[in-house]
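Structural features, examined
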Amino acid sequence: MRQKLWEIQPGEKKTGFLKAGDSGYELPVTVICGGEGKTALVTAGIHNAEYVGIQAAMELARELQPEMLQGTVVIVPLVNVSGFSRRTMSMVYEDGKNLNREFPGRADGTAAEQICHAMSAELLERADYYIDLHSGDGYEEMHPYAYYVGPVEAQVRELSFQMARRVRVNYLVESQCTTKGAYNYASASGIPSVLIERGGLGVWSREEVDLDKEDVRRILAFLEILKEKPEEPQAAGEQLVFRQVIYEHAPETGCWYPACHAGDFFRKGEILGEIRDYFGNTVYSCKALADGMILYQTASLAVLKDGPMTAYGVLPEQKKTEGETLPE
Ligand SMILES: [Zn+2]
């Protein structure tokens, strides 16, 4: 199947499955070849409860046709297949691992490690560009934004940033992490990459799916793979770049009462939420360590010790309206 999938001629579109070692995993893959040119990889469902990206990628895989492309688009709409079919949150069912912490994986590792290895060796190896679609997890509410990686080769960072600029969101995050995550590993390996975050809470809407699809198309047009006139990005002043994100994990298991919503701004020292015990006593208050904006947060009543609680972008010293968003 593998050979058949990659033995593709200009004008062809193929679907098939990519085996991940002996893990039993088979990832659904669509390859659309418009002719000579660059290859873009689009993945979703690295976290299986993040449905907006999964649905968007499935629709794109059906809608994109060879005649619409110069170059090739490879789409994997669902990476964590067993998590999806068992409706876990986002961990791999067999080993409880988070795929986005295991790249580049190992050929002889656990299920998650073998999936990451198959993605690195078979998919990223063939990719010139990479777009990864995510959402908040099944228990998280999120404000849409996009990531690119900062501390990589200057050319890779600049192109990744330009790809992120095509995503119709008001916030970008320049990640400082170059390992373990799919797009982080790809960026560090020289592949310009972005991760788009939209949706959450284990649901999806037509509007969000259409926005994800539009973002992917805008990036593919910018990369001159999709034969559409590239649209101009939003004005730089409309996209604020966070270079620091604080990821707060819960110090206790209990009931979580967030004080704000995703997308809300707050000042340093404000209480972002409380954990209470089953008698209603406050056992922990989460205090903002800096002025910032909530990117995503746990929205379920249950919060788990050492699990995600809230994540916020730290505002630059002074929130500027112009010029600030371009990396130097
Ligand atoms: Zn995710």
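Provided above is the structure to which this section pertains.
Cut-offs used in this document
Residues numbered from 1 in each chain as written. Predicted model: local features only at pLDDT ≥ 70, side-chain atom pairs only at ≥ 80, totals over all residues. Heavy atoms only, no water. Pairing = 2+ DSSP bridges. Helix = DSSP H or I, 4+ residues; strand = E, 2+ residues; numbered from the N terminus. Phe/Tyr/Trp six-rings, centres within 6.5 Å; stacked < 30°, edge-to-face > 60°. Buried < 20%, exposed > 50% of the residue type's maximum accessible area, 1.4 Å probe, protein only. Disulfide = S-S within 2.5 Å. Expected span 1.5 Å × (residues − 1). Axes fitted to C-alpha atoms, helices over the stretch in contact; angles between N-to-C directions. Donors = N, O, S within 2.8 Å, 3.2 Å for Na, K, Ca; no water. Tetrahedral: all angles 85-135°; square planar, octahedral: opposite > 155°, others 65-115°. Contact = heavy atoms within 4.5 Å.

Another point: the sheet that holds strand E15 (residues 282–287). Here we have 4 strands laid out as an open sheet, ordered E15-E14-E12-E17, and antiparallel in their pairing. Of all strands in the sheet, those bounded by a partner on one side alone are E15 and strand E17 (302–303). Pairing of strand E12 (residues 254–258) with E17 involves 2 bridges; the strand directions are antiparallel. Looking at E17, one finds that Gly 254 is bridged to Val 303.

Looking now at the packing of aromatic side chains. Counted under the stated rule, the structure contains 9 aromatic pairs. Summarising the aromatic geometry, the rings of Tyr 51 and Phe 84 are spaced 5.9 Å apart at their centres and angled 90 degrees between planes, so their arrangement reads as edge-to-face. Taken as a pair, Tyr 51 in helix H2 (residues 51–63) and Phe 84 in helix H3 (residues 81–85) lie far apart in primary sequence, 33 residues in all. In this structure Tyr 51 comes out as buried when scored by relative accessible area, which is 16%.

Here we come to the pairing of strand E9 (residues 193–197). Burial within E9 is extensive, with 5 of its 5 residues counted as buried. Alternating residues of E9 divide into Ser 193, Leu 195 and Glu 197 and Val 194 and Ile 196, and every residue in both groups is buried. Pairing of strand E7 (residues 145–149) with E9, which is carried by 3 bridges, proceeds in the antiparallel orientation. Bridged to Ala 146 within E9 is Ile 196.

A few words now on unusual backbone geometry. Going from Phe 103 to Pro 104, the amide bond is cis rather than trans, its omega being 5 degrees. Tracing the backbone shows Pro 104 in the loop between H3 and helix H4 (111–123). The backbone of Lys 180 sits at a positive phi, close to 70 degrees, despite the residue not being glycine. Within the fold, Lys 180 resides in the loop between strand E8 (171–175) and helix H6 (182–188).

Before going further, it helps to spend a moment on the state of the cysteines. The tally for this structure, following the rule as stated, stands at 0 disulfides. Considering cysteine sulfurs only, Cys 260 is the nearest to Cys 286, which forms no disulfide, with 8.9 Å between them.

Attention shifts here to H4. Taking 1.5 Å per residue, 13 residues should reach 18 Å; H4 reaches 17 Å between its end C-alpha atoms and fits that length. Counting buried positions along H4 gives 11 out of 13 residues, so the element sits mostly inside the fold. Taken together, the buried positions of H4 are Ala 111, Ala 112, Glu 113, Gln 114, Ile 115, Cys 116, Ala 118, Met 119, Ser 120, Glu 122 and Leu 123.

This part takes up the sheet that holds strand E10 (residues 240–242). Strand order in the open sheet formed by 9 strands is E1-E2-E4-E3-E5-E9-E7-E8-E10, and the pairing between neighbours is mixed. With one partner strand each, in any of the chains shown, strand E1 (13–20) and E10 form the two edges of the open sheet. Neighbour-to-neighbour, the strand axes of the sheet open up by a mean angle of 20 degrees, direction not taken into account. In this sheet, E10 lies alongside E8 in parallel orientation, the contact comprising 3 bridges. From the neighbouring strand, Tyr 171 faces E10, where its bridge partner is Leu 240.

Take the coordination of the zinc ion next. Ligation of the zinc ion by protein atoms is provided by His 47 (ND1), Glu 50 (OE), Glu 50 (OE) and His 134 (ND1), these donors lying 2.0 to 2.5 Å from the ion. Angles of 55 to 145 degrees at the metal separate the 4 donor atoms of the zinc ion, which places the site in the irregular class.

So, about the environment of Gly 273. By secondary structure assignment, the location of Gly 273 is in strand E14 (residues 271–276). Sequence separation between Gly 273 and Leu 211 is 62 residues; the distance between their C-alpha atoms is 30 Å. Residues in contact with Gly 273, not counting those within four places in the same chain, are Trp 256, Tyr 257, Pro 258, Ala 259, Tyr 284, Ser 285 and Cys 286.

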